[in-house]
Structure formats: C-alpha cells, structure tokens
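Secondary and tertiary structure notes
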Amino acid sequence: MTYRKLLMVGSGVALAVMAAACNSDKLTNLNTNPNSPEDVPPGPLFTNAARVAASRWLGTTYSLRQTEWLSQHLSEVQYNDEDRYLRLHAGDTEGSFNGAYSAELKDFTQIIAKGVASGSPGTYAPAAIMRTWEFGYLTDTWGDIPYFTALKGDSIGGSLSPVYDAQKAIYTDFFAVLDKAAKDLAGATATNTLGTADPVYAGNLLRWQRFANSIRARQALRLINVDPTTANAQLTAAFNAPGGVFQSNTDNAIFKFPGDGVYDNPWSVNFKTRDDHRMSLTIMNILQGNNDPRLPIFAQPTPADPTKYAGSPNGISPARAAAANYVLNASRPGAIFYSGKTAYGTFGGSGNTYPSYMMTYAEVAFIQAEAAERGLGGLTPGQAAGFYNAAILASMAQWGVSTANANAFLAQPSIAYAGGTPGLVQIGQQKWLALFTDGGQAWAEWRRTCQPATIKPGVDASASNVPRRFEYPVLEYTVNEANVSATKTSHVCTGTRVRLLLLRTLRDAGSDNTKLLWVRKAPRKFSRGAFFC
Amino acid sequence: MQYRSRFSRLAIAAFLLAGLSPAVAAAQQGTTLSGRVTSATNGQPVVGAFVGITDLRAGAQTDAEGRYNFTIPATSAHGQTAFLTARRLGFQPSTVQVTLSGTGVITDFRLPAVAAALDEVVVTALGIERKKSVLGTAQQQISSTDLNQTSSMNVINQLQGKVSGVKITGSGTQGGSNRIVLRGENSINGNNSPVFIVDGVAISNRARVGDPAGGYDFGSAISDINPDDIESVSILKGPNAAALYGSRAANGVIILTTKKGGSTNSRMRMEANTSYTWETPSILPDYQNQYGQGAGGSFKYVDGQGSGDCDGCDQSYGPKLDGRLIDQFTGKQQPWIAHPDNVKDFFATGHSLNTTVAMSGGTDRANARVSIGADNIDGYVPNNTFHKTNGLLNASLKLNSRLSSDANLQYVRNVGANRPGVGYTNGIMEQFVWFGRQVDMEALRAYAGKNGSANNGPASREFNWNYNYHNNPFWLQQDNPVQDARDRFIGRVALNYKLSDGINAQVSSGSDIYRFGIDQRWAQGQITGSGIDQKYFGGFRNINDYSNENNTNAVVTLAKPLGSHLVLNATGGGGIRREFFNTTTTSTTGLTVPNIYNVSNAAVTPSLAQTLQRRQVNSTYGSADLTLGDWFNVGGTARNDWSSTLPSGLNSYFYPSGFASVVLTNLMQSMKGKLGISYAKLRASTAQVGNDADPYQLRTTYSGLSTKYFALAQFTLGDALANAELKPEITHSNEIGAELAFFEGRVTVDASGYWKYTKNQIFNAPVSTASGFTAKSVNAGKITNNGFEALVGLIPIQTESGLTWNSTVNFSRNTSKVTELAPGVSTLLLGSLWNGRIEARLNQPYGAIYGKGFQHDATTGELLLSGGVPMPTATPTVFFGTIQPDWTGGWANTISFKNVSVYALLDTRRGGKLYSVTNMFGDNTGVLSRTLYGREQDWDKPGVVIKGKDVDTGQENTISVTSEQYFQSIYPSIEPYVYDASYTKLREVRVAFDLPSRFSNRLNFSAITMAITGRNLVTWTSVPNIDPEFSYTTGNYQGIEFAALPNPRSWGLSFRITP
C-alpha cells in the first residue's frame, strides 16, 4: 500500500516537473527585470544627462587633468606625467569619447525622439542643443568623429560600428540643428517644457534659444581661418536668430551643484584628496603682468609665503619640480574651488557648490568683438572695442570682481583695446583668461589663435609641440577598425617628407595637427591678423 | 570474422571471470578457508579484496570488516598444498601456502598499500557510488587524509598541487577568494568556476571581491565548508562527467562528501583534530636602503603635505641615508637612516587555531554523525581576524525494509574582521610601493593619542608620515573597522523507497541559504579610495546579501542484472532549481555626529542600491549504463532544461553524453604480468552541455539613481544592448583516457586527453561606443581547450621492515585558444590597469597580455631612445604573451616508517606571463633595490647610458640619465614588467608521528597522531619582489598584479584522534 502511495507521489512529482517545464510563459515571466524599467519619462533622463555632460567636459578628467594643462591655466607639480604629455595617449583620453557617446549623448538622443514623438520642442530642442554643445567638444578634440550614423545602436538597422564623418559636414549639421532648435523654440509654449527637470534654465525657452545661438557663434568663429565665408554667414545667422545670443551674465549656461557631498563641483572633489595642481607660470605671468584683479580669485597665495603669488612651469620633471619646490612655492588654484577640509589641510569653503560654466556671456562678447574687428557677422571694426570691454567686464563680474576694480583694470594701457591685429591679440588673450576652468575651449582657442603665444611645451615634456588633438580610442581600432582607419587615411599624406612628419607625430603624443579642419594656416587673403603659431 | 574470434575469446574470458565468483565456487563439503585482510599501513579492514586459489579458480571477496570465507570442495583437492593469494588493487598482493586437508584454515593478511587505487569506490554524479573501474570519464578523488595534510582556511587551498587538470590560484589577500578552473576557461565573459556540490546540495561559491585597481576581497563562499568534515572530494573534470548536474557543470563539478555515521552497535565514536599554525608573509619586495624619501636627492619635512621639500610626495629618490640630520615626520633634525625592515615590521605573525570534534554512532537502523568545528585566526596583517564556527549533522534512518531517509544540516557562521584592502586604491601594500625608505614603522605604530597636529599635519588626520596620499597603515587597520559575517544553512532531506530489488525511488530537496553582511566604517581622515568627505566624521558602507538556492529532485534508479553477465544501471528523473539573490547597499561619505554609523546620521545624502535576481531551471534527465562482466561498460546521459532566462518558446535545450570503458586486464587475463602490467583500462566519452543566460539579459532597461540632484530623479539608458533572441550556449567535449597499473600496483597511471569547445557563447560583445552602447549581448564566440593530464602513482620503496616511499605526480597541460569572437570584434578586454591589458583576443590563448611597449627601430630592432630614455609606443597594442601556463604539476611524497611519516608536496606552474605593477611603480618610486643602479650622476656612479639608437641623431645613444629620470620616463611602457609567471612552491610539508597503538587502543581510538605541518615554505621563481601566485577575484580578470599580499608561509602543529 505504501508502495502504491509512493509511486503515486513519485509520478505526481514527475508530472508536476513536466508541467512546469512545459509552461514556458510562466517560467519566462520570472525574467521580467524587477530592478529597472523599460521606459521612463524624458525629464529624469535630461536631468541626469545634463549633469553628466557638464561634469564630463568641465570636470576632473578632460578639463582639470588634461586640457587645463594643455592650455596652461594650471600645471602639475607632483608625478607630472600628464603635464609632460606622457599620459595623454588614447588609453588615457578615450574615456571622454567613449563615455560621452554611451552615456549622455545616447540619452539626449532618446529625449529628442520622445520629444519629437510628442511634438514638444520644449523637450527636444534643449536636448538637441545640449547634444550639439557636447559634440562641439568631441569634434574639436578628435576631429572627424562618428556623427550621422552614431547613437543608433538600439534602433532597427542602426549601426553598431558607425562611420566617421568629416568635421566639415558635422559643422554644417551643427548650424542646421541649432537653427532649427532656436526657431522651433520660438514657436513653443511654456506648457511643453522640461520645467524643473531642466537643471540649466529650468524650462526658460528664451534662454535656450540664446544658448543655441551662442553655441552657433562659437563654432562659426572656429571656422574663421579655413572657411571665412561660412564663418561669416553663420555668425550673421547666429546674431540674428530668434532670441539672439547671450546678452548678459544672467544668460550664462551654468550647471549648478548642490554640494551635498554626492553632487559636488568636480574640481572640489579632486582637490579633496589631490594636491598636485598649481597655477601655471604661463597664466600667472599674464595675470601678474596686468595687475589682473581676478588673480586672487583664480589663485591662492603660495603655501610658502602668504603675501606672494607665483606659478609653476608646465611640463617639468618631478625632480625639477622638487628641486624648485613648486609644491610650496607656487600658488594653488583659488580657494573658491576648495570645499573646506581636504586630506592635506583646509582651504576655502564652498567649492563644492561652485558651478560649472558651460558657456558664458563673456565668451560670446569676445566672439562678437573678434567678429567686429574682422568685419564679420554684420558687425564693423568700430564695434570691436565695445564688445571687448563688455566681455572683460562680464568676466570680472562673473568671477566676483567689483566694477571699480574691473574698470581700473580696463583703463591700463596694456589692456585698453588697441584695435587691428594688436586688438585681435588682446581679444585672444583675454578670452583665454575668461575661459579659466573651461580647459577644452581654452585649448581650442589657443589652437585657433595661438594666443597666448607663451604657451610652449615644458622643458621636460615628452613632445616638442603642444598636442593639437587626442588619439582615437583603442577600442575603435578593435570594433570599428575599418571606419576609424578610413578617417585616418583621409588625412595622412604620402611621400618622403611626410614619413618624417609621421615619425615626429609618434613622438609628439598625438600632436598631429593635420587632422583638425580648423587648426590650419589660412590663406593670407582671409586673414586680418597675424594669428598663427 | 575476426570479430567473431575476438568475441569468443571474450566469452571465454567472461566465463573464467565468472568462475572466480564465490557463488560458483560454493560447493559441498571440503576445506573452508577464512580470515581477515587488513591494511598494513593503518590496520583498517581491506574491503572488496579478492582472496583465492587461482589454480582452483576458487575464492571470495572480503566483506565490510575485511573478512572472507570460502570452501574448496573435497572433490577438487584434498591433502594437497595450494597458494592462497589476497589481492586488491591499491595494495600489494600477498600469497601464503596452505594445506587443503579438510579442516578449516584461518589465514589473515596484512597488505601493504601501493601507489593509487584505480578500482576504488568513488562518488559520481548525483552522489551515486561506483567503482572507478566502470567509469567512462576522468575523475579524481581525494581522501580526507590527503586533503588535510596541512590546515588552511579554504578547502580549495588544500587541493592545490594534488589534482591534475586543475588550475588553482591562492588568494592574494588574507582570507580572500581563490580561483579554481578545470581544464581551462570555457567562457569568454561568464563564469568559469566549477559547480560545488556538498552531499547532493549545489552550494554557492559567490564572491565579493576587488581587483588590482582596488577594493576589498571578502572571500568566496566555499570557504565556509570545514575541510575536517570532508570524507572525500571528487573532481569531475570535464563536462563529460557532469552532464547530469546541468548547465553549470560545463566547467566541471567538485563533489564534497561529508563524513557520515555508521553502525557502531550503539557505541559512540569520537574523532578530534586540532591544529595551531603560525603565519608570515611568504615574499616581500627587495627594498633599497640607501636613499630615503624625496626627489632629485633632496628632502625636508615641514607638514607632510608639501610645505617642506617633497614631504608631500611619496617616492624614495631623496638624500642618501648616511645619518645626516634632516627634519622628519618624527621631529626636527633627526638622523637620516634606513629602516630596512620597516615593511616587514608592519606585518605581524598570524596565528590560527583550528579544532574539529565529531561524534558518531548508530545501529543498523539509524545512525548519525555530529561535528563542531571552530577556526580562530589572526591574520598576519595587524588586527585582521577570522572566526568560523561550523556545525554539521548527518543522519540516516531506515524506517522499514523499504523506506529510508537521509538528512544533513550544516550551519556555518563565518566572520571576518578588518580585512585589508587590495589593489591600487585600497591596498595595504600600496603605500609600501609608494614609500619613504627612511620611515620608522615604530613611530607609525605609536600613533595612538596623537593626531596630525603633532607634526604640523592637519589636526583632523591621524598621525602619519605623509598627509597627501596615505593613511597611517596601523590606523587603517585599527580605526576603520570592516566586519563581514555570513550565516549559512546548507541542508537536504532525501526519502528513499525501495520499489523492488534493484529499483529505488528518491525524492530529495536541498537548499543553500545564507545571509552575508558587510559593515564597513571609515573614520574621518580616511583617504584611500573611500571618497570620505573630510568635512564630516567619516562614513560607512553597508552591504546585505541574501542568497537562496533550492534544488528539488525526484529520481528512480535501477541496478539490475540482465542475465548472468550483464548489469544495467539506470537513473531517470526530474528536478527544479530555483535561485534567488537579493542585495542592498547603503553608503554615505559623511556622518553628522561621530561614531554613529547609521543611515539616519548621514550628513551626505546616502546612496542606496538594491538588486533582486531570480532564476528557475526545470529539468528532466536520465542516464543508463550497461556493464558486461567486469570489463566492459557503456552508457550515456541525456538532459533537457527549461530556463527562465531565455526567450519564451526558445528556452528548452537538450544535451546528451555517451561513454564506454573497457578493463583490458579483465578482458584478457593473459595481459596481466606482461610488461609488468597488472591493470589496464581504456575509456572514451563525448558530451555536450547547454547553458542559459544570466537573468534579465533580454531587454535593455533604464537604470535609476537613488540619489537626487536637487531633489530631481535621474535615469539613464543601460550601456549594454540586450538581445531578445538569445539561444543557449553549448559546450562540446570529447575525452579519452587510460588507467594503468604496473608491478602489482606499485606504479599507476591515470591519464586523459580532451578536446572541448564552447560556442554560441552568451556574452556582451564590445561595440563602438559611438553607437551609444558599449556592448551588445550576443550568441557568438568560441573558445577551444585541448589538453592532457596525468596522475602517476609510484611506490619506489617498500620494505619488509615497513619503510615506504609513496609518491604521486600530477601533470596538466591545457592549450586554450579563442577561435571566434562576435562578427567584427577581434578582442575583448577582460581587465586593465596602468597600460596593461588582459584580453580575450582572436586566435590567442584566453587571457593575452597587451600593453604599451618600447619603440624599436623597424629594421635593426634596436631600442629607440630620446634624450637617453626609451620611448613608449603610443598605443597599448604590443603583445607580451599569455597568462595561460604551459603546464602545471604537483609532486607529493610520503615516506613512512613504522609510526613516523614525512610528507612533502611540490606544486609548480611553468610558463605563462604576468604583469607586475608593484615592480613598475616600485621602480618609478625608487623603493626597490634595483633602482640603486645609476642613482647619481657623478664620477662614482655615472648614471645609466641605455643601449639603443638616439632618435634625433640616429647614432648610438650616449646620453647618461639617472635611475630616477630613467624609471620616471619609461613608465607608460609595461615591457620591463611582464615576467615569466613560472614558480615552484614547497606547498605542503607534514611530519607526523602516530602514538604507539597501545596508548591509542587503550583509549579506544585507532590512532592518535601528532604532526608538524608547513605550507608555502619555499617559493622558487624568477619573478622579482612579489609572490607570483596572486588573485583578486574568482572572475576572469587575472594576470595583473598590484600590491598583492603574498600568500602566507605557515608552520603548524596538529593533533588528530582517529576513531
């Protein structure tokens, strides 16, 4: 009897197993992800993407530990491999490229799709503007990059190995995208904005229009040496687009940090544990040479002497840095970037809430000044001085300098606008100063203008030129080899002379300046100023 | 026609063999021969030995107590003498002359053991015990005695050097995870660890680990098992042996069988084992002691954060340690002298006390064994302790003649405290790579009661030698408590019902359930990778894991003779496996009030994370094999799985296996003795194993962030593109093997060759990030592993006086190759650190090392130099070799004489490469002794002129550089720091002494043994400064070392009571 019972139990179990096995749906329902949703509204996507984008291009890697050294705002006084260009190869710089595409650019693309689907310019236009702002850094750093077929990995037929598009075509599209964004926003209503989920302008669409037009002016001016016709046309269009460009510091595209210990200004986060940044000798010479009132804001007195400010040269060996004791004898970046206690002492206080300036009115006014001096964008040389003064005053105000001090600074003979080629040099230098903290733009402007001319590789640098671009990511050569190699060959000439150039390129840590469209000597006839290295 | 003649010979052989069986030999009256066969080594009964008179084809096998009994009919022989032989494989046969006179003859045998047992009873899949001689697949079984020659925290450590076909890497950190791989890595990006089965329960070996870049290694869950409770470890090496365990067995199976009770006529048996060991780091770097902290030859301390001269830096290119007076962190104008042992002095001597006491007993209806084990360990890193308490109950009850039940329950509590951090950001060894060689470790040890203000440092910091980059190492270990604890139950109940003779049904259910908690507290001032905000009073991280895996099975087994020579063994059944894993993490980088490590006290918005995973696999499976006589066995297995993780409708997959084996010496008795052969078996098998995906791989999802940006929610789309059409991945394996014994078992060989590959692998193939995604989940890629492994047993010496030298050699060679990756993908990064990359690259062995090298002249191969230093290549695409060893092996030797035995185990790994970042940075910072060469550029030591071509002049380089300039210029190149990873270790040593039996017998024990043991006593390697055996993780990122803690060298005493 027990036998029979057990046999029944046994068969029962076996049947149950078979039944469960065959009920495929019930089984696979277990595989619905309980941790993450398959769709989300655009707001939280935008908040995150904007934060990550601002932290990427104005944060610790691309800005603080790469381009701020290349543009010689800052220098490195301990283990200064980056500053000697030793650690500026693909493996060191590819994170910004890979991260931008796979994180926030992808999310901006999702938001645009959602916004277009729901017919909300207030949703898709800010995402398109942020996307273009970011692509500007990408193409100006790497040259030709995947653009038109990029960011489509999740769409049907979308490429997982996008082609590299010519920088010229990318620039052309920038202008089209920004043009459309500004125009679509003009017709948008306040009801379909991102609202508070927009951490940059809190859904203020006029400000977004101005940001779009300002970015358009930035990228247009960059073409001035190679394609002055387009530069002129796009500057004109930017200045006259709906909403216009930035008109005061209140228009600044600022990314704020709550400073809650989770979302702090990235520089302050770095300075909490690292004390290897000092002011570059290059910037300190210029600040001190002109009694610049921003000096005590950009910099702190030297640790050795509280009455003294000093810079440390870029690209020197650790032994040389130690011998001169620049740790002690050069100025740390300003106390405003420090959030109180660090691992090595207490400096400043509220650096964790210091915002990242994504684009400022000062830069826009400098763009207008240069356009005016060159007679572009519908402006005339006579307007240059006004824009120049406005730009400097805006920068001073942005950094907290009093109007009196700012005016005194402007009144100095070396600063008062000189016009002509000397005026262009002044614009270049002052713009480079105003771009402090935005290493990427400062480096780009130096590559275009060669201002300040005192930017030279350090004596112990591993290359004899300041690098002009970054190398493509290592990963691209393994998963997208055909496309990345195609772009390389389109820029490399053949012939015996170039062999030598190639050799130098290998040595010069990615300083191949032939690969960027706009870093090139322009034909003389287009040039109003002596602006080339 | 040849077939027929061979068959008839087989039939005759079968007949002859059958004639030897006791059933046939039993006859009328005559001479009864009886007696007992025991082992000469330990006096234990020898079960299953054959005792007989070959000429008369009569004999019997010994029973459980070693007794035999058979009768020679009077008609066969009377009054004559005959030779009575006792033989059993694994023992040396013994023969005596007897007279068959009609009266009973009692003869006892004491058989000396020989090299290795080839026909012992082993535990196979589903816990079924079979004679090894009928198996068609490679399997090695390690006995409790061999396993526990020395004591170690982790049972995997105790397998090191003892098993062929297995690669084991001891942890690079105290109490950390260790990695075990059988026959090479199958999976490109997934799990390559075998599945562990304890008494029929699949148990988790989940690990929480760091990597060379940083983190904490909280060990792997297999370390919960008490080695002293283990009766045997069966290693089923290939998927061939494992098809019945399902998907996870594609990487092999390790079956741990615990000790059980037995019938003792209601008397209690007790066993006890206790050992005490002392541990020290086995290898520390070879430091220089001529130059102290500083750069360019200068140093002066002011505040340890840069106000002095290089007092905020942490390299040792400072002034010569000649006793001059220099301001130091210990005070002004202190003598500048070397502290050669400062690193060594940081470490303590570790102590371990391991004790297990077990009691067992029973009747023929019920028996049980209960054991309690406790490990108390102080690691060699200060304040690092481990406590493990382990209880195991095994019980078996015969309810009636048909129904019986087995149950076991194991409870483990495993507690670690203050495990040292690992790798670049957290490693306790890290600051000895970036170090001032003059630092007085005793001054750091005496940090209590002082803070940074004692030497002008920040008042919120602990007293230290450097405030920029380091914490006081003692303070890290004392004032930043890290507690981890795992509470675990492993249990199983099985109900067996005998349906009829030879047919049994079993229903069983077993679970492995644990909670694992990590409570990590960082004090204010902690700067090593914790992200602690110095404004507040420290922070914490709290991790809670809950894991539950249940396997429920119903099987029917059948063992039935079919006619007189055939036996059918079959198993059929079904099962359900359910996995549940849940983890939550709470952390904050700032506390409002000191010392309250509670989320309510967070000054910085706490970060919360939560993950839940479920999986269910339903299966039906069966196996059958047919044994002909005692010489031929053929069989197969089949299994079908339905997994929850694959797409609906596509989630069913079937996989079969088949094998055959033949014992040649039983087939052709005449073979025996020729060429010294006493046993020969050949086997062959083929198998396939399917595997499902990890949960939630089918749809791309958005991940949310628990922290809010100004109260705003944040989401981002996942980086890896999911794949809604995943198929199961498939492993194929073919295997052949031979098991041979020579000279009556004094030489045994168990060798296998295998060819296997895994295709359709489910992995995240990297894609161009420009697509918006970093990877796409695909079914692609193929890894092949071909190999050869052998286990050779030898008894070179065995004398009448009792002197025996028993030697076991194992050898494994595996050739791995990545033969396919996803379309368009030529390489997959497994891990990278400081320009060194471990890759799965097409047509290379799995785990190829790539990185930056030096530039060489394209035609002459000369090193290209610029300014006297070599130039690193721009891209990390130089191939430096593979992390796969050419071969691995072990050599165990036991020499015993009467009651003394000496045992030593050598464990070796030959070939393969590693990249040592410790060596790279040790040069960069000038702490290693080899940086002394070319230190100063003066007449005495004129720097270094590197041989090579100057790239500017095109001529031979003449520029002299100091070692400081040299090492700080070359560093992006890993070329000088990739080493041949070969090593040989004196892994285990044991000198044991059995108390004379008159003592032990008086106390009712069969033996009382005292021993001196040692582990990792000597390492022979050409890798400088580090222990070449290191691992940070049980995962696939191996081969890059940084600041790895060396495996401990230990000495111990042990005391064992055998019932």
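Residues numbered from 1 in each chain as written. Chains lettered and ligands numbered in written order. Predicted model: local features only at pLDDT ≥ 70, side-chain atom pairs only at ≥ 80, totals over all residues. Heavy atoms only, no water.

Looking only at helices and strands, chain B has twelve helices and 60 strands in total. For 1059 residues, the compact-globule formula gives about 31 Å, and the C-alpha radius of gyration of chain B, at 32 Å, lands near that figure. Taken along its principal axes, the extent of the C-alpha atoms in chain B is 105 × 65 × 65 Å. In chain B, which comprises 1059 residues, the share counted as buried stands at 60%. Of all intrachain contacts in chain B linking residues separated by at least 6 positions in sequence, the fraction that spans at least 24 positions is 69%. When the accessible area of chain B is evaluated, it comes to approximately 38,900 Å², of which 56% is carbon and sulfur surface. The positive charge centre, built from 88 side chains, and the negative charge centre, built from 80, are 9 Å apart in chain B. (Helix = DSSP H or I, 4+ residues; strand = E, 2+ residues; numbered from the N terminus. Rg over C-alpha atoms; globule rule 2.2 N^0.38 Å. Buried < 20%, exposed > 50% of the residue type's maximum accessible area, 1.4 Å probe, protein only. Contact = heavy atoms within 4.5 Å. Areas by Shrake-Rupley, 256 points an atom, 1.4 Å probe, with all protein chains shown as cover. Lys, Arg positive; Asp, Glu negative; His and termini not counted. Charge placed at Lys NZ, Arg CZ, Asp CG, Glu CD.)

As a further point, take the interface of chain A and chain B. In this complex, chain A contributes 95 residues to the contact, which on the side of chain B involves 104 residues. Residue Arg699 of chain B pairs with Glu38 of chain A through a salt bridge whose shortest N-O separation is 3.8 Å. Where chain A packs against chain B, one counts 27 residue pairs in polar contact (both at pLDDT 80 or more). Residues belonging to the side of chain A that touches chain B are distributed by class as follows: 42 nonpolar, 28 polar and 25 charged. (Salt bridge = Lys/Arg side-chain N within 4 Å of Asp/Glu carboxyl O. Polar contact = N/O pair within 3.5 Å; in protein donor to acceptor, adjacent residues only side chain to side chain. Nonpolar A, V, L, I, M, F, W, Y, C, P; charged D, E, K, R; others polar.)

All right, on to the sheet that holds strand β17 (residues 230-236) of chain B then. The strands making up a sheet associate through hydrogen bonds between their backbones, and the pairing can be parallel or antiparallel. Residue and element names in this part refer to chain B. Strands sit in the order β11-β17-β18-β14-β15 across an open sheet of five strands; the sheet is mixed. Both edges of this open sheet fall to β11 (139-143) and β15 (201-203), since each of them pairs with a single strand only. Strand-to-strand twist of the sheet, defined as the mean angle between neighbouring strand axes without regard to direction, takes the value 25 degrees. By the bridge criterion, five bridges tie β11 to β17 in an arrangement that is antiparallel. If you follow Ile142 over to β17, its bridge partner there is Val233. (Pairing = 2+ DSSP bridges. Axes fitted to C-alpha atoms, helices over the stretch in contact; angles between N-to-C directions.)

Turning next to the packing of helix α16 (residues 384-398) of chain A against helix α17 (residues 403-411) of chain A. Residue and element names in this part refer to chain A. Between α16 and α17, whose axes approach to 10 Å, the crossing angle comes to 140 degrees. If you check the angle between α16 and α17, you find them oblique. The chirality of how α16 crosses α17 is right-handed. Seen from α16, the contacting residues are Tyr388, Asn389, Ile392, Leu393 and Met396; seen from α17, they are Ala406, Asn407, Phe409 and Leu410. Class assignment of the residues belonging to the contact of α16 with α17 gives a composition of seven nonpolar, two polar and no charged. (Parallel < 35°, antiparallel > 145°, perpendicular 65-115°, else oblique. Left-handed = near helix turned anticlockwise from the far one by under 90°.)

We now examine the packing of aromatic side chains. Summed over all chains, the structure comprises 72 aromatic pairs over all chains. Ring plane angle 40 degrees and centroid distance 5.6 Å describe the contact between Tyr344 of chain A and Phe347 of chain A, whose orientation is recorded as tilted. The residue whose ring lies beneath Lys450 of chain B is Phe463 of chain B, and the NZ or CZ to ring-centre distance is 4.2 Å. Between the NZ or CZ atom of Lys985 of chain B and the centre of the ring of Tyr983 of chain B, over which it lies, the distance is 5.5 Å. (Phe/Tyr/Trp six-rings, centres within 6.5 Å; stacked < 30°, edge-to-face > 60°. Lys NZ or Arg CZ within 6 Å of the ring centre and 35° of its normal.)

Further remarks concern the environment of Leu717 of chain B. Inspection of the secondary structure assignment puts Leu717 of chain B in strand β36 (residues 715-717). Of the residues examined, Leu717 of chain B reaches a relative accessible area of 4% and is grouped as buried. For the pair formed by Leu717 of chain B and Ile895 of chain B, sequence separation is 178 residues and the distance between their alpha carbons is 64 Å. Beyond its immediate chain neighbours, meaning those up to four positions away, Leu717 of chain B contacts Leu45, Lys106, Asp107, Gln110 and Asp154 of chain A together with Thr700, Thr701, Tyr702 and Phe773 of chain B.

In this section: helix α5 (residues 90-117) of chain A. Residue and element names in this part refer to chain A. Spanning 28 residues, α5 covers 38 Å between terminal C-alpha atoms, matching the ideal 40 Å at 1.5 Å per step. Of all the bends found along α5, the most pronounced is centred on Ala100 and spans about 45 degrees. When you tally the buried positions in α5, you get 21 out of 28 residues, the bulk of the element. One or two residues past the end of α5 sits Gly119, with phi positive at roughly 60 degrees. (Expected span 1.5 Å × (residues − 1). Bend = angle between axes of the 7 residues up to and from the residue.)

This part covers the pairing of strand β18 (residues 253-258) of chain B. Residues and elements named next belong to chain B. Within β18, six of the six residues are buried, leaving the element largely enclosed by the surrounding structure. Both faces of β18 are covered, namely the face carrying Val253, Ile255 and Thr257 and the face carrying Ile254, Leu256 and Thr258. Summarising the sheet, strand β14 (residues 195-198) and β18 pair through four bridges and their orientation is parallel. Across the sheet, Val195 pairs through a bridge with Val253, a residue of β18. Here β17 pairs with β18 via six bridges, running antiparallel. What sits directly across from Ile230, in β18, is Thr258.

All we've got here are geometric facts, nothing functional implied.
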